[in-house]
Amino acid sequence: MLEVCIDSLESAVNAIHGGADELEVCSSLSQGGLTPSPGLVREIIKMVDNIGCKKSIYKTCLQCSCQSLIKEPKVNVMIRCWREC
């Protein structure tokens, strides 16, 4: 099983094309990962839903093989608070 931590739409596209079984959506990976924005989560869920609909997963995937993807990765969202010391 391959779980990939992602913090952008580009990393989500790459992880899906690379065969990820699970996507862990977060932000600020350089700080160990924080809760991502709701907008990023929505866009990644749309990508995964497009796999089931046999559509390109993202607008930059017009000439790739997205329509042939059959595996929808599970989407996990990191929820972590962050405090300044």
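Residues numbered from 1 in each chain as written. Predicted model: local features only at pLDDT ≥ 70, side-chain atom pairs only at ≥ 80, totals over all residues. Heavy atoms only, no water.

The following threshold applies: UniProt positions are given in the numbering used here, feature names are shortened, and annotations may be inferred rather than shown by experiment.
Under the annotation held in an unreviewed UniProt entry, the chain carries the name Copper homeostasis protein cutC homolog and is attributed to Iphiclides podalirius. Taken from UniProt, the Sequence similarities (unreviewed entry) comment for the chain reads in full: "Belongs to the CutC family."

1. Structural notes on the pairing of strand β2 (residues 22–25)
Applied cut-off: We call a residue buried when its accessible area falls under 20% of the maximum for its residue type, exposed when it is over 50%, and partly exposed in between, using a 1.4 Å probe and counting protein chains only. Numbered from the N terminus, helices here are DSSP runs of H or I no shorter than four residues, and strands are runs of E no shorter than two. At least two DSSP bridges between two strands are needed for those strands to be called paired. With its strands directed away from the observer, a crossover is right-handed exactly when the path from the first strand over the helix to the second travels clockwise.
Both faces of β2 are covered, namely the face carrying E22 and E24 and the face carrying L23 and V25. As defined by bridge partners, strand β1 (residues 3–6) adjoins β2 across four bridges and the pair is classed as parallel. The residue bridging I6 from the neighbouring strand is V25, located in β2. Taken together, β1, helix α1 (residues 9–17) and β2 constitute a β-α-β crossover, and its handedness is right-handed.

2. Description of the nonpolar core
Stated precisely, the cut-off is as follows: We call a set of buried residues a nonpolar core when its members are Ala, Val, Leu, Ile, Met, Phe, Trp, Tyr or Cys and they connect through side-chain atoms within 4.5 Å of each other. We call two residues contacting when some pair of their heavy atoms lies within 4.5 Å.
Judged by nonpolar contacts, the single largest core of 18 residues is most densely connected at I6, I16, L23, I44 and I57. Looking at this core, the elements that each hand over two or more residues are α1, β2 and α2 (38–52). Here this core takes six residues from α2, the largest share from any one element. With near-sequence residues (within four places) excluded, I57 lies in contact with V13, I16, H17, M47, N50, I51, C66 and L69.

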